[in-house]
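Descriptive structure summary
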Amino acid sequence: MGGTTGASVQPGLIDSVRSTLSEQADALHHLSSHLDSGQYQTALRLIIECQGHVILSGMGKSGHVGRKISATLASTGTPSFFIHPAEAFHGDLGMITPYDLLILISASGETDEILKLIPSLRQFGNRIIAITNHNASTLAKHADATLELMMESESCPNNLAPTTSTTLTMAIGDALAVALIRQRKFLPTDFARYHPGGSLGRRLLTRVSDVMLPVVPTVREDTGFRQVISAITCGCQGMVAVNNQQQQLTGIITDGDLRRYMEKSTQLESACAADMMTRSPLTLPADMMITDAETLMQKHRVSVLLVTDKENNVAGLVRIFD
């Protein structure tokens, strides 16, 4: 173990990598060109009409692919889970209800653990979709729809290790999921609801109020020039909000505003915040989605925006990468 450290790569192995990728790409293209549209139409109808779960099952590498397909379906609006065929035959069949649809995966169509499930599934009244490379196999004969791999051989030089077959099976699963996304008009916001812990979910479900900084450096309209500089420096945000005597927002002073005022004014010592500020600044409501806030900030090329309430009081601030 670990004895290959420093070993050289045999000549031709990179060519082998390219050949395998090309071979699997060709297999996908062949499947796309020759698939039985009627069988896929039936499979999609069965999934759309399913009132329970779409349950995936497969043995070995087919099982690993089945888990992935199930996860993709579940995350895109189709309730789904994976069941191990051997465990199902020893009690987990109790997880299956008559309302569920089974997608059974077996490249040969003769996997014993898969075939053993069929009598029970038929007794329960479940519909079956088969993914197999043999349209005349036992599995295919007992399926309501058969999605054939159309594969000539595995990429494995011994034609044994599941390689091309797993690529094709996973691609079929993805193709079904994408078709269902289109059928159900599944939107990014829908996707985010199933992925609240991911970066996309956080962005699409997060509002300005969830990420805004509640403490905002603030000055009054009559605050002097030096005090404004001090407030910007101490606030560490590159800006200060400017309020009137009623504590309502009337303007904002950024580092850029300050520099521009210093370039054109000769009366700095007598200047006050009202002289330097940008009046009626762009602001955000607290209930705005953060994605909309980011779009607005990018459009106006600003990195910081103030958050205000209905009375135009400052509630916080948001940085574009918060």
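Residues numbered from 1 in each chain as written. Predicted model: local features only at pLDDT ≥ 70, side-chain atom pairs only at ≥ 80, totals over all residues. Heavy atoms only, no water.

1. Some points on the overall build of the protein chain
Put simply, the rule reads: Helix and strand definitions here come from DSSP, where helices need a minimum of 4 consecutive H or I residues and strands a minimum of 2 consecutive E residues; each element is numbered from the N-terminal end. Every radius of gyration here is taken over C-alpha atoms, with the globule rule written as 2.2 Å times N^0.38, N being the number of residues. Each residue gets one of three labels from its accessible area relative to the maximum for its type: buried under 20%, exposed over 50%, partly exposed in between, using a 1.4 Å probe on protein chains only. Residues are treated as being in contact if the distance between any of their heavy atoms lies within 4.5 Å.
Secondary structure assignment for the protein chain yields 15 helices and 12 strands. On C-alpha atoms alone, the protein chain measures out to a radius of gyration of 31 Å, which is more than a quarter above the 20 Å that the 2.2 N^0.38 rule sets for 322 residues. The principal-axis extent of the C-alpha atoms belonging to the protein chain is close to 90 × 55 × 40 Å. Counting over 322 residues, the protein chain shows a buried share of 41%. The contacts in the protein chain between residues at least 6 apart in sequence include a share of 62% that link residues at least 24 apart.

2. Brief notes about the packing of helix 2 (residues 37–49) against helix 8 (residues 164–184)
Spelled out, the test is: Helix axes are fitted only over the stretch in contact, all axes being lines through C-alpha atoms; the angle between N-to-C directions runs from 0 to 180 degrees. When an angle is under 35 degrees it counts as roughly parallel; over 145 it counts as roughly antiparallel; between 65 and 115 it counts as roughly perpendicular; any other value is oblique. Crossing handedness is read from the near helix: turned anticlockwise from the far helix by less than a right angle, it gives a left-handed crossing, and turned clockwise, a right-handed one.
For the pair helix 2 and helix 8, the least separation of the axes is 11 Å and the interaxial angle reads 60°. Considered as vectors, helix 2 and helix 8 are oriented oblique to each other. Seen from above, helix 2 lies across helix 8 with right-handed handedness. Facing Tyr40, Leu44, Ile47 and Ile48 of helix 2, the residues of helix 8 in contact are Ile172, Leu176, Ala179, Leu180, Gln183 and Arg184.

3. Comments concerning the sheet that holds strand 1 (residues 54–58)
Quick note on the threshold: Being paired, for any two strands, means DSSP has found at least two bridges between them.
The parallel open sheet is built from 5 strands, whose spatial order is 2-1-3-4-5. Lying at the two open borders of the sheet, with one neighbouring strand each, are strand 2 (80–82) and strand 5 (145–148). Along the sheet, successive strands turn relative to each other by an average axial angle of 20°, direction set aside. Where strand 1 meets strand 2, 3 bridges bridge the pair, whose relative direction is parallel. Bridged to Ile55 within strand 2 is Phe81. Set on the sheet, helix 8 makes contact with strand 3 (101–105), strand 4 (127–132) and strand 5; between it and strand 5 the angle comes to about 125°.

4. Topic: the sheet that holds strand 9 (residues 278–279)
Neighbouring strands of a sheet are bound in pairs by backbone hydrogen bonds; such pairs are parallel or else antiparallel. The sheet built from 4 strands is open, its strands ordered 6-7-8-9 with mixed pairing. Pairing within the sheet leaves two strands with one partner each, and these edge strands are strand 6 (218–220) and strand 9. Sheet topology note: the strand 8 (residues 249–254)/strand 9 ladder contains 2 bridges and is antiparallel. By the bridge assignment for strand 9, Ile252 is matched with Thr278. Sheet strands touched by helix 12 (residues 225–235): strand 6, strand 7 (239–243) and strand 8. Its angle to strand 7, the strand with the most contacts, is close to 125°.

5. Some points on the packing of helix 3 (residues 61–75) against helix 8
Just so we agree on the cut-off: Polar here means any residue other than Ala, Val, Leu, Ile, Met, Phe, Trp, Tyr, Cys and Pro, which are nonpolar, and Asp, Glu, Lys and Arg, which are charged; Gly is therefore polar.
Where helix 3 meets helix 8, the axes come as close as 10 Å, and the angle between the chain directions of the two elements is 15°. By the angle between their axes, helix 3 is roughly parallel relative to helix 8. Considering only the axes of helix 3 and helix 8, their crossing is right-handed. The segment helix 3 lies against helix 8, with Lys61, Val65, Lys68, Ile69, Thr72 and Leu73 engaging Thr166, Thr169, Met170, Gly173, Asp174, Ala177 and Leu180. Classifying every residue of the contact of helix 3 with helix 8 by side-chain character gives 6 nonpolar, 4 polar and 3 charged.

6. Re unusual backbone geometry
Its identity as a non-glycine residue notwithstanding, Gln247 has a phi of 65°, on the positive side. With respect to the element layout, Gln247 can be found in the loop between strand 7 and strand 8. Of the residues examined, Gln247 reaches a relative accessible area of 43% and is grouped as partly exposed. Look at Asn312: it is not a glycine, yet its phi comes out positive at around 65°. When you line up the elements, Asn312 lands in the loop between strand 11 (304–308) and strand 12 (314–319).

7. Considering the pattern of salt bridges
Working definition: two side chains of opposite charge can pair if their charged atoms are close together. Rules: Think of a salt bridge as a Lys or Arg side-chain nitrogen and an Asp or Glu carboxyl oxygen that are within 4 Å of each other.
Summed over all chains, the structure comprises 8 salt bridges. With its nearest N and O atoms 3.5 Å apart, the salt bridge here joins Arg18 to Asp15. Placement of both Arg18 and Asp15 in helix 1 (residues 13–34) is noted, with a separation of 3 residues, approximately one turn of the helix. The partner of Glu269 in a salt bridge is Arg226, and the shortest N-O contact between them spans 2.8 Å. Placement of the pair is Glu269 in the loop between helix 13 (255–264) and helix 14 (273–276) and Arg226 in helix 12, with a sequence separation of 43 residues. Several salt bridges share partner residues, and in doing so they unite Arg122, Arg127 and Asp144 into one network.

Note that every value here comes from positions in space, so none of it alone points to a role or purpose.
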